[in-house]
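Below, each chain spelled out in residue letters.
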Amino acid sequence: IADNQVEAAKMGVRGLTAVLDKAPGSWDVLKLSPPTAEEIKAGKQRIIKLAVDGYALLYYLYFSKNFNCVCGGQYAQFAEEARSYVSNLLKCGFSPLVVMDGTLVAAKLPTAMQRENDLIKTVKQLTCSEKYIGKKALPLMARHVFVEVLQSLGIKVVFADGEADKVVAAMAKMHGCCAVSKDSDFFIFDLPAGYIPVDNLDIARGGQVTAKRFARNRFCVDLKINMAMMPLLASTIGNDYVAVSLLRPFHVSLGDLGEVQFPATWNMGDKEPTVRDQLIVRVAAFLATHESEPAAIVAIVKAAAEQFKADEAAAAAAAAEAKAAGEAPAEETEEKQGEVFTPEALKAALEMSVGAYRLDPKQATATGATTELTTKAKCGMDPKLVALFRDGKMDAKLMDVLAYGFFWCAGLVEDVDGASSWIASRPIRQQMYAVLLEGSAKEVTEHLRLPNEEMGKHTFQSESVPVGTCKVGFTAVLKGSADAKARTDELYQTIGKPVEGVPAHLSLASACIRFWIKCMGTVTAVELAAITASLLQAKEDQTFRVSKEARPNWLSLNMASRLGSLQTILLSTNLLNQCLANPVAPMSATAVYDGEFIHRFHHLQHRVKGISALEDQLRKDKIKWEDFYKLYQQLASGLEASIKGDIAETFEGGIMWGASGPEGEAAGPMSVVAHDNALNKGVEAGGLFGTLLGSDAEEDEEEEEDAAPAAVAVDYAAAEKAAVSKKKKSSSGDDDLAKLMADMEGVDAKRGEQAAKERARKAAMKKKK
């Protein structure tokens with residue numbers, strides 16, 4: 001399933017997780033601390049193997065810490081959290097094997113398309129609705145960051161052909177280790193060593209690990225059923241395999257069993273048991289009266305058929321009575337819609353569902369050197385290709401292209417009523433398709449959000465995309481016969497050459513940013529400045545900065561869409577680079593994209609008018625203006641016509657927004673204004689985190705007031721002329737120089753006066769406090 005919809009696609013057994021929260025006796029609690037120095041010296045080190053569902057852990061780590069998702073991703077912070085979490089597991093003796101979902105199986109396409117349409121609604125709520133709390137959308141490159149962190153820690157990560165859940169369960173059973181996931185189906189699987197829900201694998205600040213493991217046998221004792229009945233219990237309660245419409249008659253029939261008796265060991269609390277709680281216990285009580293699974297299925301089907309017949313008779317009588325009274329017939333409810341009930345359909349669905357919980361030993365080896373995937377491409381499913389795919393060095397999205405001829409443009413936070421952010425990066429992918437397919441197909445199907453004229457809104461749809469042409473084929477790349485220069489040229493002929501002189505880790509990113517500027521047609525100086533600053537921020541500060549809001553009130557939907565396009569360009573470029581065997585060092589999202597920083601920087605600077613606002617913010621963000629200005633000029637070089645607004649040098653040695661302002665919309669020169677009315681007052685001139693983060697930032701400003709005079713708005717034209725005059729030196733006459741110096745002295749005097757007023761104001765505030 002698409003990266004950001006995996007969690008939603010795994011609904012599992014309806015209501016079972018909530019019931020187990022009320023059954024404390026069904027859990028074993030294990031508490032472990034890192035070994036002491038004495039234990040390590042004595043060689044007393046434990047090893048606890050875990051088979052881990054990678055996407056379950058990915059979702060848990062990203063969203064349990066409230067990392068921002070609406071700005072496009074806090075990748076560096078997420079990477080640090082993942083690194084800390086996994087490192088603590090390793091210290092306490094856990095040895096995880098992580099299995100990731102691989103390709104999107106063609107049979108799952110309809111379900112996946114529906115999930116993406118649901119995500120469009122979620123994104124709409126995240127960005128526009130007041131009821132956005134609890135809504136989630138996994139950032140585009142979170143999975144890549146997660147795998148990168150795991151591999152850097154030496155964790156074995158493997159990619160399955162399709163979904164990972166059964167592979168994880170089969171591995172856990174074969175190797176006698178605990179399974180870790182977040183899918184209630186795992187409560188049903190026969191796992192001798194047990195199952196730990198990922199949110200029950202908790203790590204304290206001191207590094208101690210508390211693990212709550214499901215005790216399947218004790219749960220069955222509480223319900224008085226045989227463990228062999230667990231798959232049928234799940235199927236009869238309701239899961240992804242049996243339609244609600246088929247189960248409804250049986251569920252209704254259980255109402256005749258009398259009052260529900262909950263196990264004495266369960267903690268039901270003060271609240272009334274839910275309907276689902278009662279249903280689960282009623283189903284278990286029914287199953288407990290039958291000795292075998294086949295006998296129980298026969299009894300379930302019989303009870304459902306009798307109830308359905310009675311319901312139909314009652315409905316017919318009610319319809320006849322309504323017709324006699326001249327009333328309109330009742331409309332069919334949603335609960336009754338779906339697959340039409342027949343005894344045969346229910347029996348087939350139950351048998352299929354029960355079979356789905358049986359673990360095949362072959363599934364435990366489904367991450368080995370062979371694969372069931374096939375391709376019509378020239379390269380074939382070469383063993384080297386399979387090995388690269390298993391290790392995550394050949395992305396699952398590339399395998400989708402080879403195996404099924406499609407590319408999944410996963411949903412992301414953007415303006416879902418506008419053009420998809422994936423459109424901007426399509427030329428890169430067309431080149432990627434050409435390299436991979438080598439003429440074996442003329443088109444690739446891209447699944448993405450598109451306008452739906454019939455429905456009057458955007459929906460997830462399929463669109464055929466022509467394959468480009470290439471000089472380097474994937475077969476030659478696999479064999480190692482394509483030289484590095486040819487592969488590098490193939491990459492840079494697609495996205496453009498990188499900027500010369502930038503740090504090595506930003507080389508490919510610089511080419512992507514310039515590609516983005518060209519795709520956008522026009523960008524503003526403040527947009528480019530925000531991206532530039534994000535690349536240069538202090539990594540220590542970036543890594544440990546934690547998001548405080550799910551959707552900040554300063555979020556710009558237009559900016560989110562434009563940055564979404566940048567992210568798809570970064571990802572598509574990495575994929576093209578990968579299918580060329582990485583002739584250029586691939587980009588890490590942790591180093592090239594920080595959505596929250598870019599959004600905040602843009603918000604604080606896009607309307608400012610102060611001469612020192614830009615430089616003040618850079619100083620607060622611990623970015624040298626010289627480094628910033630150099631990189632900004634390198635990224636903008638030759639593309640100035642596409643950039644609205646500009647940055648200029650100041651007479652005193654520094655930088656400021658130029659005459660046209662941050663967005664190229666300045667309405668002529670502005671006169672100096674009083675500080676109380678300045679557009680860059682407070683937040684705007686207060687650095688990236690200024691007063692947005694509360695009183696701590698204000699206290700920092702008080703400490704720095706002597707070093708940072710208050711910013712004022714000045715005549716942009718005069719300031720620009722001052723910068724020019726500094727460069728021309730003696731070309732101006734004495735009269736012009738005298739006039740210029742007088743103007744500057746006036747500005748300095750005004751600044752000093754305002755600084756004094758500001759110090760007096762802050763002193764008064766301190767005294768008042």
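Source: prediction; values computed, not measured.

Novice: How should the overall build of the chain be read in this particular structure?
Specialist: Looking only at helices and strands, the chain has 30 helices and 15 strands in total. Of the contacts made within the chain by residues no fewer than 6 positions apart, 75% connect residues no fewer than 24 positions apart. For the chain, the accessible area works out to roughly 35,200 Å², and carbon and sulfur atoms hold 52% of it.

Novice: How should the packing of helix α4 (residues 54–64) against helix α5 (residues 75–91) be read in this particular structure?
Specialist: How two helices pack is summed up by the angle between their axes together with the distance between the axes. Look at α4 against α5: their axes get within 9 Å of each other, and the N-to-C directions meet at 115°. You can see that α4 and α5 cross each other, and the crossing is right-handed. Note on element contacts: α5 touches α4 through F78, E81, A82 and Y85, opposite L57, L58, Y60, L61 and Y62. Counted by class, the contact of α4 with α5 contains eight nonpolar, no polar and one charged residues.

Novice: Can you walk me through the packing of aromatic side chains in this structure?
Specialist: Aromatic ring pairs are defined here through the distance separating the ring centres and the angle between the ring planes. Scanning all chains against the criterion turns up 27 aromatic pairs. Arranged with centres 5.7 Å apart and planes meeting at 15°, the rings of Y404 and F406 form a pair that is stacked. On the basis of relative accessible area, Y404 is assigned to the partly exposed category, the value being 30%. Exposure remark for F406: the relative accessible area of 4% places this residue in the buried category. Here the aromatic residues W27, F186, F187, F189, Y195, F214, F219, Y241, F262, W266 and Y357 are joined through ring pairs into a cluster of three or more. One Lys or Arg, K212, reaches over the ring of W27 and ends 5.3 Å from the middle of that ring.

Novice: Hey, could you run me through the pairing of strand β2 (residues 48–53) in this one?
Specialist: Both β2 and strand β3 (residues 94–100) contribute to a ladder of six bridges, which runs parallel. Directly across from K49, in β3, lies its bridge partner S95. Bridge analysis of β2 against strand β5 (residues 178–181) gives three bridges, and the strand direction is parallel. Its bridge partner lying in β5, V52 is registered against V180.

Novice: Explain the confidence of the model for the chain here, please?
Specialist: Low pLDDT marks regions whose predicted coordinates should not be analysed in detail. With 83% of its residues at a pLDDT of 70 or more, the chain has an overall mean of 84. Here residues 667–734 is modelled with pLDDT under 50, and outside its nearest four sequence neighbours on either side it reaches 108 contacts, counting other chains as well.

Novice: I'm lost on helix α25 (residues 595–605) in this one. Help?
Specialist: Two residues of an α-helix separated by three or four positions point the same way, owing to the 3.6 residues in each turn. Of all 11 residues that make up α25, 10 are buried, and the element is covered over most of its length. Every buried residue belonging to α25 is among G595, E596, F597, I598, H599, R600, F601, H602, L604 and Q605, and all of these are buried. Looking at the buried residues of α25, the elements they touch are α21 (525–536), α23 (557–579), α26 (613–620) and β15 (655–657).

Novice: Could you clarify how one ought to interpret the pattern of salt bridges in this entry?
Specialist: Tallying each qualifying case throughout the model produces 24 salt bridges. With its nearest N and O atoms 2.3 Å apart, the salt bridge here joins D277 to K22. With a gap of 255 residues between them, D277 in helix α12 (residues 275–287) and K22 in the loop between α2 (16–20) and β1 (27–32) connect regions that are remote in the sequence. This pair shows no difference in class: D277 is buried, exactly as K22 is. One salt bridge in this structure joins D489 and K485, with 2.8 Å as the shortest N-O distance.

Novice: Just to check I follow, could you spell out the sheet that holds strand β10 (residues 443–452) for this structure?
Specialist: Backbone-to-backbone hydrogen bonds join strands into a sheet, with any given pair of strands oriented parallel or antiparallel. If you trace the three strands from one edge of the open sheet to the other, you get β9-β10-β11, paired in mixed fashion. The sheet is open, and its two borders are formed by β9 (406–408) and β11 (457–466), each paired with just one other strand. Put simply, the sheet's adjacent strands are angled 35° from each other on average, direction ignored. The sheet contact formed by β10 and β11 spans 10 bridges and is antiparallel. Within β11, the residue paired with N452 across the bridge is K457. Helix α16 (residues 396–404) rests against β9 and β10 of the sheet, and its axis sits at about 150° to β9.

Novice: Explain the nonpolar core to me, please; I cannot follow it from the model alone.
Specialist: When a protein is soluble and globular, its nonpolar side chains tend to lie buried together. Among the nonpolar cores identified, the biggest contains 147 residues, and L402, L436, F474 and F628 are the most heavily contacted of them. Examining the composition of this core, we find that nine residues originate from one element, α23, more than from any other. Residue contacts for F628: discarding those within four places in its chain leaves A529, T532, A533, L536, L614, L618, I623, I647 and I655. The next biggest cluster of nonpolar side chains, apart from the first, holds 67 residues, and it includes F189, V301, A304 and L359.

Novice: Could you clarify how one ought to interpret unusual backbone geometry in this entry?
Specialist: Note: most residues except glycine have negative phi, and most peptide bonds are trans. In this model, K224 sits at a positive phi of 60°, which is unusual for a non-glycine residue. Position of K224 relative to the elements: it lies in the loop between α9 (216–223) and α10 (230–237).

Novice: What exactly am I supposed to notice about the environment of A264 here?
Specialist: Along the polypeptide, A264 turns up in the loop between α11 (244–253) and α12. Between the alpha carbons of A264 and A23 there is a distance of 9.6 Å; along the sequence they are 241 residues apart.

Novice: Would you mind showing me how to read helix α8 (residues 165–175) here?
Specialist: The set of residues buried in α8 consists of D165, V167, V168, A169, A170, M171 and A172. If you follow the buried residues of α8, they end up packed against β2, β3 and β5. G176 occupies a position one or two residues after α8 and carries a positive phi of about 65°.

Quick notes on the rules
- Residues numbered from 1 in each chain as written.
- Predicted model: local features only at pLDDT ≥ 70, side-chain atom pairs only at ≥ 80, totals over all residues.
- Heavy atoms only, no water.
- Helix = DSSP H or I, 4+ residues; strand = E, 2+ residues; numbered from the N terminus.
- Contact = heavy atoms within 4.5 Å.
- Areas by Shrake-Rupley, 256 points an atom, 1.4 Å probe, with all protein chains shown as cover.
- Axes fitted to C-alpha atoms, helices over the stretch in contact; angles between N-to-C directions.
- Left-handed = near helix turned anticlockwise from the far one by under 90°.
- Nonpolar A, V, L, I, M, F, W, Y, C, P; charged D, E, K, R; others polar.
- Phe/Tyr/Trp six-rings, centres within 6.5 Å; stacked < 30°, edge-to-face > 60°.
- Buried < 20%, exposed > 50% of the residue type's maximum accessible area, 1.4 Å probe, protein only.
- Lys NZ or Arg CZ within 6 Å of the ring centre and 35° of its normal.
- Pairing = 2+ DSSP bridges.
- pLDDT = per-residue confidence, 0-100.
- Salt bridge = Lys/Arg side-chain N within 4 Å of Asp/Glu carboxyl O.
- Core = buried A, V, L, I, M, F, W, Y, C linked by side-chain atoms within 4.5 Å.

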